[in-house]
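Working through the structure, step by step
Residue-level listing of the chains:
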Amino acid sequence: MKYVEPDFYESFKCIADKCRHSCCIGWEIDIDDKSLKKYNSMSGKAGEDFKNNISLDDEPHFILAEDERCPFLTDAGLCRLISEYGENILCDICREHPRFYNVYDNREERGLGLCCEEAVRLLLSADKPFALNVYAEDNTAGTDEPELIFRDRVLELLSQRERPLTGRLRKLLEHCGAALTVFDFKYWAELFLSFEQMDKSWTELLESCLKCETEFPPEEKLNAPEYERLIAYFVYRHFVNLSYDYEIPDSLIFCILSGCFVCALDTIRGKDPEHIRLYSAEIEYSVENIGLIMEKISKTQQ
């Protein structure tokens, strides 16, 4: 078995009360079965705490306050469960977020989701190409799936800085038999506005950009190292998973489109890591939204 992670993965540590966008606000927090059994077995004050703040409707989850705050999030932005009972009390999603895991036959890949501002900071903290650390559990890890081998080749080509990023992207699309048609920024902004909105900041950002006539972020902007790393992140996380349900060229276009859209936002509104976090939270973390985007992409390739 191989274990794969970005080279900045182990550097992650939750910044807790220093975070401007707490993951304990605005997200429904589901509780895994093992944690639920543990909570139900607790007595005294702790038992009452959980009994009064858990809903068993549909998937078990914490009952959020009116402002969509976790009931255990203090006014200081800290988790009361950790301070009173220790980190072992956390359910899976609270302990693991923003980490993600993709498991294949002979390979487990993990990373940090960009809906977390600290994960964004780590991604953007280096100018070097996006790189992976690979650990083999033993000498019987086996052969990677063809899609993963191809994906790793895509990442390798993305890292070759002898030519501008725009040239590398065109070469990759050509190699896959795909074409990124004229990037109509207004078209994608309008489409994203038709999706369910979670954060009014995202809605306001999209609405303010509809007046812009930009069709594609200027090449000199897109060629910056941070967009290469951002597109590589999307390729690492989504390229193979999407290719299971869609064609590989369409999956590659989604990854490139995501980086281009963030670059366009930066070009219009000024460079801001918050654009990446918002895109991730609103688009990347919604299976439904990604599906709608992939349908549009697929139609352009027919």
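It should be noted that the structure appears before, not after, this text.
Below, the structure is looked at part by part. These numbers were taken from a predicted model, which means no experiment stands behind them.

With mixed pairing, the four strands of this open sheet are ordered in space as β4-β5-β1-β6. Two strands in the sheet have a free side with no partner beyond their single neighbour: β4 (99-104) and β6 (132-136). Taken pair by pair, the neighbouring strands of this sheet meet at an average axis angle of 20°, ignoring direction. Pairing between strand β1 (residues 2-6) and strand β5 (residues 107-112): three bridges, direction parallel. The residue of β5 that forms the bridge with Tyr3 is Glu108. Strands β4, β5 and β6 of the sheet are contacted by helix α6 (residues 146-158), whose axis makes an angle of about 40° with β5.

Side chains that carry opposite charge are capable of pairing whenever their charged atoms lie near each other. Scanning all chains against the criterion turns up 21 salt bridges. Between Arg110 and Glu5 there is a salt bridge, with the nearest N and O atoms lying 2.8 Å from each other. Residue Arg110 is found in strand β5, and its partner Glu5 is found in strand β1; the two are separated by 105 residues along the sequence. The class for Glu5 is buried, based on a relative accessible area of 1%. For Lys45, the salt bridge identified is with Glu84, shortest N-O distance 3.5 Å. Of this pair, Lys45 sits in helix α2 (residues 44-53) while Glu84 sits in helix α3 (residues 80-85); the two residues are 39 residues apart in sequence, bridging distant segments of the chain. Shared partners join several salt bridges into a network, and the residues in it are Lys45, Asp49, Arg80 and Glu84.

Before going further, it helps to spend a moment on a negative patch on the surface. Residues Glu28, Asp33, Asp57, Asp58 and Glu59 make up a contiguous surface patch of negative charge. Here Asp33 is to be found in helix α1 (residues 33-41). The class of Asp33 is exposed, set by a relative accessible area of 54%.

Let's shift gears to the packing of aromatic side chains. If you walk through the whole model with that rule in mind, you get 23 aromatic pairs. Considering the side-chain rings of Trp188 and Phe192, the 6.2 Å spacing of their centres and the 40° angle between planes classify their relative orientation as tilted. Of this pair, Trp188 and Phe192 both sit in helix α8 (residues 185-193), separated by four residues, roughly a single helical turn. Summarising the burial analysis for this pair, Trp188 and Phe192 share the class buried. Judged by centre distance (6.1 Å) and plane angle (70°), the rings of Phe192 and Tyr279 are edge-to-face. Placement of the pair is Phe192 in helix α8 and Tyr279 in helix α13 (residues 274-284), with a sequence separation of 87 residues. Look at Phe192 and you get buried, because its relative accessible area is 1%. Given the relative accessible area of 0%, Tyr279 is considered buried. Just above the ring of Phe100 sits the side chain of Arg237; from NZ or CZ to the centre is 4.1 Å.

Counting residues in hydrophobic clusters, the biggest one holds 69 residues, and the most contacted among them are Phe192, Trp202 and Phe261. In terms of residues, this core owes the most to one element, helix α12 (residues 248-269), which gives twelve residues. Ile31, Phe50, Phe72 and Ile89 belong to the second largest nonpolar core, which has 13 residues in total.

Tracing the backbone shows Tyr236 in helix α11 (residues 225-243). Taking the C-alpha atoms as reference points, Tyr236 and Arg151, separated by 85 residues in sequence, lie 7.5 Å from one another. Discounting chain neighbours no more than four positions away, the residues touching Tyr236 are Val4, Glu5, Pro6, Phe100, Glu109, Arg110, Phe130, Leu132, Arg151 and Leu155. Reaching out from Tyr236, the side chain makes a polar contact with the backbone oxygen of Val4 at a distance of 3.2 Å.

What counts and how
- Residues numbered from 1 in each chain as written.
- Predicted model: local features only at pLDDT ≥ 70, side-chain atom pairs only at ≥ 80, totals over all residues.
- Heavy atoms only, no water.
- Pairing = 2+ DSSP bridges.
- Helix = DSSP H or I, 4+ residues; strand = E, 2+ residues; numbered from the N terminus.
- Axes fitted to C-alpha atoms, helices over the stretch in contact; angles between N-to-C directions.
- Contact = heavy atoms within 4.5 Å.
- Salt bridge = Lys/Arg side-chain N within 4 Å of Asp/Glu carboxyl O.
- Buried < 20%, exposed > 50% of the residue type's maximum accessible area, 1.4 Å probe, protein only.
- Patch = residues over 30% accessible without salt bridge, like charges linked within 9 Å, V, L, I, M, F, W, Y side chains within 5 Å.
- Areas by Shrake-Rupley, 256 points an atom, 1.4 Å probe, with all protein chains shown as cover.
- Lys, Arg positive; Asp, Glu negative; His and termini not counted.
- Charge placed at Lys NZ, Arg CZ, Asp CG, Glu CD.
- Phe/Tyr/Trp six-rings, centres within 6.5 Å; stacked < 30°, edge-to-face > 60°.
- Lys NZ or Arg CZ within 6 Å of the ring centre and 35° of its normal.
- Core = buried A, V, L, I, M, F, W, Y, C linked by side-chain atoms within 4.5 Å.
- Polar contact = N/O pair within 3.5 Å; in protein donor to acceptor, adjacent residues only side chain to side chain.

That is the geometry; function is a separate question.
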